[in-house]
Amino acid sequence: MTDKYNNDSPPGISRRHFVKVSSALAAAPLVGVRFAYANGGIKNDTSAGTVPAERIIPTCSSFDCGGKCDIRAHVQDGIVTRITTLPDAEFDPEMPIMRACVRGRGYRKFVYHPDRLKYPMKRVGKRGEGKFVRITWDEATTLIADNLKRITEKYGPASRFVHNNTAVTGGAFSGDKMARRLLSLTGGYLEYYHSVSMGNTGAATPYTYGAAASGNTLDTLSETPLVILWGHNPTETIFGHTNHYFQQMKQNGTRFIVVDPRYSDTSSSLADQWIPLRPATDNALMDAMMYVIISENLHDQAFITRYTLGFDEGSMPEGVPANESLVAYLMGAKDGIKKTPEWAEAITHVPAQTIRQLARDYATAKPAALIQGWGPQRHNCGERTARGSTLLATITGNVGIKGGWAGGYGGIGNRKFTTGPEMPDNPVKEKISIMNWVQAADDASKVTPADGLTGGDRLNSNIRLLFSLAGNYLANQNPDINQAVKVLADESKIEFIVQSDLYLTPSAKYADVLLPETSFMERWNIGETWGTANYLILSEKLIEPEFERRSDYDWIREVAQKLGVEQEFSLGRSEKEWIVQIWENSRKAMPDEHLPTFDELLVQRRHLFKGKPHIAFADNIRDPQNHPFPTPSGKIEIFSKRLYDMHHPEIPALSHYVPAHEGPEDPLAAKYPLQLITWKGKNRANSTQYANPWLQEVQTQKLWINPADASHRHIAQGDYVRIHNDRGVTLVPAEVTQRIMPGVVALQAGSWWQPDANGVDHGGCANVLSSARITALAKGNSHQTMLVEVAKA
Ligand SMILES: Nc1nc2c(c(=O)[nH]1)N[C@H]1C(S)=C(S)[C@@H](COP(=O)(O)OP(=O)(O)OC[C@H]3O[C@@H](n4cnc5c(=O)[nH]c(N)nc54)[C@H](O)[C@@H]3O)O[C@H]1N2
Ligand SMILES: Nc1nc2c(c(=O)[nH]1)N[C@H]1C(S)=C(S)[C@@H](COP(=O)(O)OP(=O)(O)OC[C@H]3O[C@@H](n4cnc5c(=O)[nH]c(N)nc54)[C@H](O)[C@@H]3O)O[C@H]1N2
Ligand SMILES: [Mo]
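Note that the coordinates shown come from a computational prediction; the quantities given were computed from them, not determined experimentally. (Residues numbered from 1 in each chain as written. Chains lettered and ligands numbered in written order. Predicted model: local features only at pLDDT ≥ 70, side-chain atom pairs only at ≥ 80, totals over all residues. Heavy atoms only, no water.)

Description of the overall build of the protein
Then, number 1: Within the protein, the secondary structure is distributed over 26 helices and 26 strands.
Then, number 2: Relative to the 2.2 N^0.38 estimate, which gives 28 Å for 793 residues, the radius of gyration of the protein is 26 Å and therefore close to what a compact globule would have.
Then, number 3: Principal axes of the C-alpha set define a box for the protein whose edges measure 80 × 60 × 60 Å.
Then, number 4: Looking at the 793 residues of the protein, the share that counts as buried comes to 62%.
Then, number 5: Sequence separation of 24 or more characterises 73% of the internal contacts of the protein that already satisfy a separation of 6 or more.
Then, number 6: Accessible area of the protein: about 28500 Å², with a carbon and sulfur share of 52%.
Then, number 7: Between the centroid of the 85 positive side chains of the protein and the centroid of its 86 negative side chains there is a distance of 2 Å. (Helix = DSSP H or I, 4+ residues; strand = E, 2+ residues; numbered from the N terminus. Rg over C-alpha atoms; globule rule 2.2 N^0.38 Å. Buried < 20%, exposed > 50% of the residue type's maximum accessible area, 1.4 Å probe, protein only. Contact = heavy atoms within 4.5 Å. Areas by Shrake-Rupley, 256 points an atom, 1.4 Å probe, with all protein chains shown as cover. Lys, Arg positive; Asp, Glu negative; His and termini not counted. Charge placed at Lys NZ, Arg CZ, Asp CG, Glu CD.)

Take a look at the structure:
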């Protein structure tokens, strides 16, 4: 008999072996055998009568984890007994389908966990206390339908909100989309914009190029001699095919430099040089690099003359006074400060000589690729940092050419994935930034266009009803949790909260109705890659849901029925029928792609888009007359008149260095002298899989602190420390390590918030300390910019 709960290790794999294998995955050999998979075969014969047949099924999760790896679920007797991955023999370097990392290898423990929610429940204690009683599904859907009716009648449809939820955004179909569908069909809902992942760089990049999609496919970098990974940690964050290509490039002699306050896993696995800098000072380093490049005449003048605007005083747009160009700024024409490496050393703590060398290396390696991660833009100065990289790429002529990289957001344009489910128009036109949700719940009249409200001048209602389906964003992933939970706990504000999850997360404790969703293994879906990857994988329903677990679609359909709109809502389709329909719609939407039929997909399991190598802005560079950049001037805008006209000190037209709020130059540093940053670690996707015991063994939640900062505070390795600022306190053990530079401390993001009676967190959740300050241009998040002090607990 296969026992999923007691069988801690998959057959043939000890737990120690599991951890070892998972950390050695990056070094796995590449075997050049063509993909030749036909449907998951029966491995052993049942005819003997005793051993149930095993099917090995290629599938994927729908998490927002940076990858979309081909995992192989071994299913026997209706149970997933083991997870492996795309075997070496099937790996095709021409189509580098990703293979499971430690998180994928650990999925079994996520799906088969005794703590998983089993029944629908309703809250009995005070909101947030986490006290629930079991109810029937009929009671649950009646409660939801009744509250939807009552709240909509009383406050109008704009009082209804569907929250951030990234655990299912890697799939074509999800409960939150269907909740939006239902709400749109019954009057509408308040929508939000801004991606907390990359919204700051997404908003800033178009001011240089007119478009955000500034990334290339990685196959274009095979002959690039130098790659600078700037706050980019793809060894852990994946971002599509990075590991395959970067390891290959490394072997072929590409030099990698990593700019990061932490010696990340990417630094240890790829870097020839690690350049730590103080967080939120990236623009000072960039400014000084540009100063060196220009003063040593290493810039690409021909490129600049032909394609750009605002480099020097001779190439400025009309109507701008003197000394606003890039050269004028760098040479201190207006402020009298030359942006020299010595100037930047004092700000960044990168030695001036290192800055000089970095600038020369980048400008002379041509082509060179300066690729930014999204860590640097999840800062209060994130838009400036993002646009700063575009200026460096521009003055060195690395835009639109093979082997170069345009900087900024780095996504690839015209990606074709599935159409998703058909979505009716949302009658509510106002939208808030995701950063406004707490204010919109507390007092929506204070959410103004200046804070990010679009589509109208004011909101007519507070958020009164909230769906959080597959997110932990109420009280874990949101910045400044202590401020958010005050509003959440007040039952006179949001009147009804519906949450679905697999676990009783810190956010789930704030639910009024808490629903146990099925996992990705218990539903049909289609997984979509992101970043630089380019394929779809069928995510098959592998096992039957246990207890009373149900997919979000299933119960939303029942709510629709109780609201009298079931037919309109479901179009008579089961969940699997929606998936088939999405596939059919996608086939029709991209006839050139020749997507297989759904029946063929059941055999083939995936579809790889065979796009040509893509270089962002290649057409604009090759033929600027017929392909002007989509900016107002038709050029690459080093100086942006659009930004200039905003007359905002935090939105300089050149995106140069401006000290960030809660950066190292903030006066608050006298009280809280350490900069705290977070990073996305290998053992979970944000907070998803936090409770997975195998993954907890991979990496425990600790505060990285430099020996200099630790000894000064009498902190020894493993000591419990108290990390605090005016917003909150968290306690975790210290990891005293040279892997973090002095003056900076770091916590892995996504740890569960575990407050005691005094509100002190014992989980190492950085969001008790992070700030809800909104970025100036994007109206976005700055999760990473915070000052703290650390003391022995
Ligand atoms: N393993 C794993 N992978 C993931 C995720 C996960 O949770 N776990 N989450 C996925 C999601 S949702 C997203 S949006 C992406 C996000 O991917 P990223 O945003 O790129 O990931 P982060 O780890 O936040 O940041 C990358 C690096 O930036 C560094 N950094 C922080 N502040 C600064 C700074 O001021 N300057 C510089 N130069 N560097 C800085 C951090 O130390 C870190 O090593 O990752 C995805 N991939
Ligand atoms: N300090 C700090 N905070 C951050 C960040 C940071 O860098 N630093 N990064 C931000 C970013 S980029 C992101 S994207 C957000 C992510 O924040 P969220 O979108 O809240 O994502 P998760 O924390 O992964 O929470 C997803 C929840 O869904 C549950 N879940 C998993 N599968 C399913 C399913 O099939 N059905 C249902 N119903 N539930 C499921 C998981 O158990 C988990 O509790 O966090 C942000 N917060
Ligand atoms: Mo994200």
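Resuming the write-up.
Here we look at the UniProt feature "domain: 4Fe-4S Mo/W bis-MGD-type" (unreviewed entry) in the protein
Then, number 1: On the UniProt side, "domain: 4Fe-4S Mo/W bis-MGD-type" (unreviewed entry) is annotated at positions that read residues 54-115 here.
Then, number 2: Summarising residues 54-115: 15% helix, 31% strand, and an end-to-end C-alpha distance of 27 Å. (UniProt positions renumbered as here; feature names shortened; annotations may be inferred.)

Thoughts on the nonpolar core
One recurring pattern in soluble globular proteins is that nonpolar side chains are buried together.
Then, number 1: Within the largest apolar cluster, 56 residues are counted, with the highest numbers of intra-cluster contacts made by Ile228, Met289, Leu326, Tyr362 and Ile395.
Then, number 2: Top contributing element to this core by residue count: helix α11 (residues 282-295), with 10 residues.
Then, number 3: Filtering out sequence-adjacent residues up to four positions away, isoleucine 228 remains in contact with Ile257, Val259, Leu358, Tyr362, Ala369, Leu370 and Ile371.
Then, number 4: Tyr192, Val438, Leu474 and Ile494 belong to the second-largest nonpolar core, a separate cluster that totals 48 residues. (Core = buried A, V, L, I, M, F, W, Y, C linked by side-chain atoms within 4.5 Å.)

Brief notes about the site of ligand 1
Then, number 1: Surveying the vicinity of ligand 1 reveals 35 residues, the closest of which are Arg103, Asp260, Arg378, Gly681 and Asn686.
Then, number 2: Aspartate 282 places a side-chain nitrogen or oxygen 2.7 Å from a nitrogen atom of ligand 1.
Then, number 3: The backbone of tryptophan 374 places a nitrogen or oxygen atom 2.9 Å from an oxygen atom of ligand 1.
Then, number 4: Protein burial of ligand 1: of its 910 Å² of free accessible surface, 99% is covered by the chains.
Then, number 5: The set of elements that each furnish at least two residues to the shell around ligand 1 consists of α8 (234-237) and β21 (674-679).
Then, number 6: Looking at the shell around ligand 1 residue by residue, the classes come out as 14 nonpolar, 11 polar and 10 charged. (Near = heavy atom within 4 Å. Polar contact = N/O pair within 3.5 Å; in protein donor to acceptor, adjacent residues only side chain to side chain. Nonpolar A, V, L, I, M, F, W, Y, C, P; charged D, E, K, R; others polar.)

Concerning the sheet that holds strand β1 (residues 54-59)
Backbone hydrogen bonds hold the strands of a sheet together, and the pairing may be parallel or antiparallel.
Then, number 1: Strand order in this open sheet of three strands is β1-β2-β3, and the pairing throughout is antiparallel. Only two strands of the sheet have a single partner each, and these edge strands are β1 and β3 (79-85). Each neighbouring strand pair of the sheet contributes to a mean axis angle of 25 degrees, computed without reference to strand direction.
Then, number 2: Taken together, the six bridges between β1 and strand β2 (residues 71-76) define a ladder with antiparallel strand orientation. Across the sheet, isoleucine 57 pairs through a bridge with alanine 73, a residue of β2. (Pairing = 2+ DSSP bridges. Axes fitted to C-alpha atoms, helices over the stretch in contact; angles between N-to-C directions.)

Observations concerning the environment of threonine 237
Then, number 1: Topologically, threonine 237 is positioned in helix α8.
Then, number 2: Sequence separation between threonine 237 and aspartate 265 is 28 residues; the distance between their C-alpha atoms is 9.9 Å.
Then, number 3: Apart from residues lying up to four places away in sequence, threonine 237 is in contact with Cys65, Gly66 and Lys680.

Concerning the site of ligand 2
Then, number 1: Residues in close proximity to ligand 2 total 31 residues, the closest being Asn472, Asp501, Glu517, Ser687 and Thr688.
Then, number 2: At 2.8 Å, a side-chain N or O of threonine 166 approaches an oxygen atom of ligand 2.
Then, number 3: Between ligand 2 and glutamine 477, the relevant distance is 2.9 Å, taken from a nitrogen atom to a main-chain nitrogen or oxygen of the residue.
Then, number 4: Protein chains shield 98% of the accessible area of ligand 2, which is 910 Å² for the free molecule.

So, the sheet that holds strand β12 (residues 368-372)
Then, number 1: Pairing is parallel across the open sheet formed by four strands, whose spatial order is β10-β9-β8-β12. Looking at strand neighbours, the two that pair on one side only are β10 (273-275) and β12, the edges of this open sheet. Taken pair by pair, the neighbouring strands of this sheet meet at an average axis angle of 15 degrees, ignoring direction.
Then, number 2: Pairing geometry for strand β9 (residues 255-259) and β10, over three bridges, is parallel. Its bridge partner being in β10, valine 259 is matched across the sheet by isoleucine 275.
Then, number 3: Together, β8 (226-230), β9 and β12 form the strand contacts of α11, whose direction differs from that of β8 by roughly 150 degrees.

What about the packing of aromatic side chains?
For any pair of aromatic rings, the description consists of the separation of the ring centres together with the inter-plane angle of the planes.
Then, number 1: Following the criterion strictly, the structure yields 27 aromatic pairs and no others.
Then, number 2: Seen from their ring centres, phenylalanine 161 and tyrosine 192 are 5.9 Å apart, and the 50 degrees between their planes marks the pair as tilted. In this pair, phenylalanine 161 is assigned in strand β6 (residues 160-162) and tyrosine 192 in strand β7 (residues 191-193), connecting sequence segments 31 residues apart.
Then, number 3: Owing to a relative accessible area of 0%, phenylalanine 161 belongs among the buried residues under this scheme.
Then, number 4: With 6.5 Å between their ring centres and 25 degrees between their planes, phenylalanine 467 and tryptophan 555 make a pair best called stacked. One end of the pair, phenylalanine 467, is in strand β14 (residues 465-469); the other, tryptophan 555, is in helix α19 (residues 552-562), and 88 residues separate them in sequence. As far as burial versus exposure is concerned, phenylalanine 467 and tryptophan 555 are alike and both buried.
Then, number 5: One Lys or Arg, lysine 118, reaches over the ring of phenylalanine 547 and ends 5.5 Å from the middle of that ring.
Then, number 6: Cation over ring: lysine 339 sits above tyrosine 329, and NZ or CZ is 4.2 Å from the ring centre. (Phe/Tyr/Trp six-rings, centres within 6.5 Å; stacked < 30°, edge-to-face > 60°. Lys NZ or Arg CZ within 6 Å of the ring centre and 35° of its normal.)

Focus: helix α18 (residues 481-489)
Then, number 1: Residues Ile481, Asn482, Ala484, Val485, Val487 and Leu488 constitute the buried set of α18.
Then, number 2: Elements in contact with the buried residues of α18: α17 (437-443), β15 (496-501) and β24 (728-736).

Some thoughts on the packing of helix α5 (residues 175-185) against α19
For any two helices packed against each other, the geometry comes down to the angle between their axes and how far apart the axes lie.
Then, number 1: Where α5 contacts α19, the axes come no closer than 9 Å and their chain directions differ by 15 degrees. In terms of their interaxial angle, α5 and α19 are classed as roughly parallel. Note on packing geometry: the crossing formed by α5 with α19 is right-handed. Residues Gly175, Met178, Ala179 and Leu182 of α5 lie in contact with α19, whose contacting residues are Asp552, Tyr553, Ile556, Val559 and Ala560.
Then, number 2: Classifying every residue of the contact of α5 with α19 gives seven nonpolar, one polar and one charged. (Parallel < 35°, antiparallel > 145°, perpendicular 65-115°, else oblique. Left-handed = near helix turned anticlockwise from the far one by under 90°.)

Quick look at the pattern of salt bridges
Pairing between side chains becomes possible if they bear opposite charge and their charged atoms approach one another.
Then, number 1: Inspection of every chain in the model, using the stated rule, returns 44 salt bridges.
Then, number 2: Notably, a salt bridge pairs glutamate 662 with arginine 727, separated by 2.8 Å at the nearest N-O pair. You can see glutamate 662 sitting in the loop between α24 (641-644) and β21 and its partner arginine 727 sitting in the loop between β23 (720-725) and β24, a full 65 residues away along the chain.
Then, number 3: Arginine 727 gets classed as partly exposed once you look at its relative accessible area, which sits at 21%.
Then, number 4: Three or more residues joined by partner-sharing salt bridges are found here, namely Asp70, Arg72, Glu90 and Arg606. (Salt bridge = Lys/Arg side-chain N within 4 Å of Asp/Glu carboxyl O.)

Things to note about the pairing of strand β18 (residues 535-539)
Then, number 1: Counting buried residues in β18 gives five out of five residues, a clear majority hidden from the surface.
Then, number 2: Bridge analysis of strand β17 (residues 525-528) against β18 gives four bridges, and the strand direction is antiparallel. Bridge pairing in β18 places glycine 527 opposite isoleucine 537.
Then, number 3: Hairpin connection of β17 to β18: six residues between the antiparallel strands, including glycine 531 at a positive phi of 70 degrees.
Then, number 4: Sheet topology note: the β18/strand β19 (residues 606-608) ladder contains three bridges and is antiparallel. Bridge assignment links tyrosine 535 to a residue of β19, and that residue is leucine 608.

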